[in-house]
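# Tertiary structure, described
Letter by letter, the chains look like this.
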Amino acid sequence: MEETVRIGIRMARPADVADIAHVYVESWRDTYAGILPDTGLVRMSKAEHAATWTRTIKHANLRNPVLVAADTKSNIYGFASAGPTRDKSLQFEGEVYTLYVAPGWTGQGIGAGLLASLFRLFGKGGYNGMIIWALADNPSRFFYEAMGGQLVAERQHPMWGKTFREIAYGWHKLDIGRPKQRVGRNAEPEPPL
Ligand SMILES: CC(C)(COP(=O)(O)OP(=O)(O)OC[C@H]1O[C@@H](n2cnc3c(N)ncnc32)[C@H](O)[C@@H]1OP(=O)(O)O)[C@@H](O)C(=O)NCCC(=O)NCCS
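Here we summarise the structure given alongside this text. One numbering rule holds for all chains: residues counted from 1, following each sequence as written. Local features in this predicted model are restricted to residues of pLDDT 70 or higher, and side-chain atom pairs are both shown and tallied only at a pLDDT of 80 or more, whereas totals for entire chains, interfaces and linings draw on every residue. Only hydrogens and water are set aside; all other atoms, that is, all heavy atoms of the structure, feed into the side-chain values.

Exposed residues in this analysis have more than 50% of their type's maximum accessible area, buried residues have under 20%, and partly exposed residues fall in between, with area computed by a 1.4 Å probe over protein chains only. Put simply, DSSP H or I for four residues or longer makes a helix, DSSP E for two residues or longer makes a strand, and each gets a number counted from the N terminus. The buried fraction of strand E7 (residues 162–171) amounts to seven of the ten residues, a majority that puts the element mostly inside the structure. Two strands pair under a simple rule: DSSP has to find at least two bridges between them. Relative to E7, strand E6 (residues 150–159) runs antiparallel, the two sharing nine bridges. By the bridge assignment, His 157 is partnered in E7 with Phe 164. Between the end of E6 and the start of E7, which pair antiparallel, lie two residues, with Trp 160 showing a positive phi angle near 50°.

Relative to each other, helix H1 (residues 17–32) and helix H3 (residues 46–58) sit at 125°, their axes nearing to 8 Å. Compared by their axis directions, H1 and H3 come out oblique. With respect to the hand of their crossing, H1 and H3 are arranged in right-handed fashion. Across from Val 17, Ile 20, Ala 21, His 22, Tyr 24, Val 25, Glu 26 and Arg 29 in H1, the residues of H3 making contact are Lys 46, His 49, Ala 50, Trp 53, Thr 54 and Ile 57. Three residue categories are used. Nonpolar comprises Ala, Val, Leu, Ile, Met, Phe, Trp, Tyr, Cys and Pro, charged comprises Asp, Glu, Lys and Arg, and polar comprises the others, including Gly. Across the contact of H1 with H3, the residue classes tally to eight nonpolar, three polar and three charged. Simply put, an axis is a line fit to the C-alpha atoms, just over the touching stretch for a helix, and the angle between two N-to-C directions goes from 0 to 180 degrees. Here roughly perpendicular refers to angles of 65 to 115 degrees, roughly parallel to angles under 35, roughly antiparallel to angles over 145, and oblique to all remaining angles. For a crossing to be left-handed, the near helix must be turned anticlockwise from the far one by less than a right angle; the clockwise case is right-handed. The contact criterion used throughout is that any non-hydrogen atoms of two residues lie within 4.5 Å.

For the rest of this paragraph, the subject is the pairing of strand E4 (residues 94–101). Burial analysis of E4 places seven of its eight residues in the buried class, the great majority of the element. Alignment of strand E3 (residues 76–84) against E4, held across seven bridges, turns out to be antiparallel. Looking at the pairing, Gly 78 lines up with Val 101 of E4. In this structure, E4 lies alongside strand E5 (residues 130–135), joined through three bridges in parallel fashion. Considered in E5, the bridge of Glu 95 is made with Ile 131. With helix H4 (residues 110–124) bridging E4 and the parallel E5, this β-α-β connection has right-handed handedness. Crossovers are marked right-handed if the path from the first strand over the helix to the second runs clockwise, as seen with the strands pointing away from the viewer.

Our next topic: the side chain of Asn 138. Here Asn 138 shows up in the loop between E5 and helix H5 (141–146). Judged by relative accessible area, Asn 138 falls into the buried class, the value being 7%. If sequence neighbours within four positions are ignored, Asn 138 has contacts with Thr 31, Tyr 32 and Ile 35.

Listed below in structure tokens is the structure:
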């Protein structure tokens with residue numbers, strides 16, 4: 001019988017960066033294979049991303065949070081970061097910059113738990129609305145629709161020498177409710193932050 005892992009959501013710590021970079025790079029390779037150029041995906045460096053996340057976590061706070069879904073031994077199963085929206089022409093003050101669940105751990109409520117925690121923090125922080133950009137070809141975008149996001153904008157985004165269509169989902173009301181508690185294969189997300 002598989003052991004049940006209890007996963008809770010907390011602010012990221014400097015010691016989490018190697019795991020965050022691992023989840024980030026593995027999730028990109030898994031999700032964007034066939035969507036983004038293989039050469040770019042292969043070249044992604046966990047060491048470089050760990051250095052970037054070290055800087056991001058150093059400057060993180062409740063208005064610019066980096067959250068991790070972690071077990072009691074600090075194994076990381078997913079993470080998310082957010083802050084002020086980068087496109088000031090949009091009527092949403094907050095933006096989810098990144099949201100990734102480790103391949104093999106998706107579909108167990110971890111993404112919904114991370115998003116609900118970000119919304120709760122941003123609601124408390126007085127942000128007016130929230131937006132997230134996703135590649136139009138990423139099937140994970142339907143997750144945002146399942147979470148009640150409305151398609152609010154699109155743009156062309158240059159990356160790795162090519163241009164990709166991105167779409168934005170927005171929420172005016174920062175309350176997606178409490179994610180369903182579910183016991184997946186062996187994950188048992190605890191109530192969010
Ligand atoms: C997108 C992602 C963050 C969702 O996290 P997750 O833990 O897999 O999702 P959850 O288990 O919390 O799902 C919550 C709900 O969304 C639905 N959902 C999740 N992924 C979905 C998808 N691709 N399409 C449609 N619905 C989806 C679930 O069915 C669930 O619905 P329910 O509450 O009615 O049962 C995760 O799958 C992921 O990291 N994907 C790869 C990386 C990525 O694309 N990140 C986003 C970059 S913009």
